[in-house]
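# Close look at the chain arrangement
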Amino acid sequence: MTTEEHKGTETQMSIMVDKNLSIVLLSGLPGVGKTTLIRKVCQELLEKHNINCDGFYTEEVRDSNRQRIGFDVITITDNKSSKLARTDANIKCPFVGKYAVFVKEFEDLALPLLRQSKTLQLLVMDEIGKMELKSKRFESAVYNCVEVGATIFATVPFEMRQPLPLVEKLKTHPKAKTIVVTKENRNHLQNEIVDILLKMISK
């Protein structure tokens with residue numbers, strides 16, 4: 001996406017909510033603030049609107065020198081955490097770049113959340129990316145959530161050299177809307193996203 005196209009996306013944020021919309025995806029460059037936005041939106045939905053939402057978000061892990069050494073996944077409602085990836089892992093597991101992905105630990109936290117999607121008003125996943133999709137069970141569970149019509153709020157990678165089939169399916173799903181988060185618009189999106197999600201949930 002060119003700079004002009006990126007800016008054009010920002011100016012088109014008056015989003016018409018299709019009555020059939022059931023998936024909202026946040027995308028954007030790494031470090032732009034997608035996770036922060038996800039957390040703020042979920043906090044507002046839980047505390048101000050009493051929405052039954054749950055899921056997970058991803059958080060960086062840094063060492064005493066502030067160097068990033070991995071990622072954890074943390075549940076939205078009760079702050080349970082689990083390893084997702086580390087640079088210093090000596091176990092036999094798949095890698096994404098320099099990071100070893102702790103597939104079983106991730107599955108133990110994420111899969112129970114996805115299994116209860118039918119009882120949730122909103123399922124939250126931050127993010128659906130290369131690390132998370134090292135788990136085929138997670139990938140299958142996300143497909144199932146889409147098939148049963150779960151209402152989903154998730155983050156997905158912005159641009160990839162090798163597109164992930166599940167991510168492409170989500171982006172092109174007829175009931176999905178992708179919102180690109182930028183440094184320029186990230187502080188102004190919360191209210192609009194909350195409004196979109198509330199309309200989706202109440203339809």
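Chains are numbered independently. Their residues run from 1 in the order of the written sequence. In keeping with the predicted nature of the model, local features appear solely for residues at pLDDT of at least 70, side-chain atom pairs appear and are counted solely at 80 or more, and the whole-chain, interface and lining totals rest on all residues. Computation of side-chain values covers all heavy atoms of the structure but excludes hydrogens and water.

Attention shifts here to the layout of surface pockets. When its volume is computed, the largest pocket comes out at roughly 960 Å³. As defined here, a cavity is a set of points on a 1 Å grid over the protein atoms alone where a 1.4 Å probe fits but cannot get out. A pocket is an open set with protein on both sides within 12 Å along at least five of seven lines, and residues line them when an atom is within 4 Å of a point. In this structure, the largest pocket is lined by 33 residues; those nearest its centre are Pro 30, Gly 31, Lys 34, Phe 71 and Glu 127. Only runs of H or I of at least four residues qualify as helices and only runs of E of at least two qualify as strands under DSSP, and these elements are numbered from the N terminus. Of all elements in the fold, only helix H2 (34-48), strand S2 (53-62) and strand S3 (68-75) reach the threshold of two or more residues within the lining of the largest pocket. Tallied by class, the residues present in the lining of the largest pocket amount to 13 nonpolar, nine polar and 11 charged. Grid points are joined across faces, edges and corners, and a volume is the space filled by probe spheres set on the points. Side-chain classes are defined by residue name, with Ala, Val, Leu, Ile, Met, Phe, Trp, Tyr, Cys and Pro counting as nonpolar, Asp, Glu, Lys and Arg as charged, and the others, Gly among them, as polar.

Turning our eyes to something else, we now look at the sheet that holds strand S6 (residues 99-101). Here, strands pair whenever DSSP counts at least two bridges between them. Spatially, S5-S6-S4-S3-S2-S7-S8-S1-S9 is the arrangement adopted by the nine strands of the open sheet, whose pairing is mixed. Each edge of the open sheet carries a strand with a single partner, namely strand S5 (95-96) and strand S9 (176-180). Pairing of S3 with strand S4 (residues 81-86), which is carried by five bridges, proceeds in the antiparallel orientation. Residue pairing across strands places Val 73 opposite Ser 82, the latter belonging to S4. Along the sheet, helix H4 (residues 136-147) makes contact with strand S1 (23-27), S2, strand S7 (122-125) and strand S8 (152-155), crossing S7 at roughly 150°. Contacts: residue pairs with any heavy atoms within 4.5 Å of one another. Note on geometry: axes are lines fitted to C-alpha atoms, helical ones only across the stretch in contact, with angles between N-to-C directions running from 0 to 180 degrees. Lying on the sheet, helix H6 (residues 190-202) is in contact with S1, S7, S8 and S9; it crosses S1 at an angle near 160°.

With that settled, consider the state of the cysteines. Cysteine sulfur pairs qualify as disulfides if the two atoms are within 2.5 Å. The full count for this structure, using the stated rule, is zero disulfides. No disulfide involves Cys 42; its nearest neighbouring cysteine sulfur is the one of Cys 53, lying 4.6 Å away. Accessibility here uses a 1.4 Å probe with only protein chains present; expressed as a share of the type maximum, an area under 20% marks a residue as buried, one over 50% as exposed, and anything in between as partly exposed. According to the relative accessible area criterion, Cys 42 is buried, its value standing at 2%.

We now examine the confidence of the model for the chain. Of all residues in the chain, 91% have pLDDT values of 70 or greater, and the mean over the chain is 90. For every residue, the predictor assigns a confidence score, pLDDT, that lies between 0 and 100. Predicted confidence for residues 1-15 stays below pLDDT 50, and this span has 20 contacts to residues more than four positions away or in other chains.

Turning our eyes to something else, we now look at the packing of aromatic side chains. Whether two aromatic rings pair depends on their centres lying within 6.5 Å, for rings of Phe, Tyr and Trp, where Trp uses its six-membered ring; planes under 30 degrees apart make the pair stacked, over 60 edge-to-face, and the rest tilted. As enumerated under the stated definition, the model contains four aromatic pairs in all. Judged by centre distance (5.6 Å) and plane angle (85°), the ring pair of Phe 56 and Phe 106 falls under edge-to-face. Residue Phe 56 is located in strand S2, and its partner Phe 106 is located in helix H3 (residues 103-115); the two are separated by 50 residues in the primary sequence. For the pair formed by Phe 56 and Phe 106, the shared burial category is buried. What links up through ring pairs into an aromatic cluster is the set Phe 56, Phe 106 and Phe 138.

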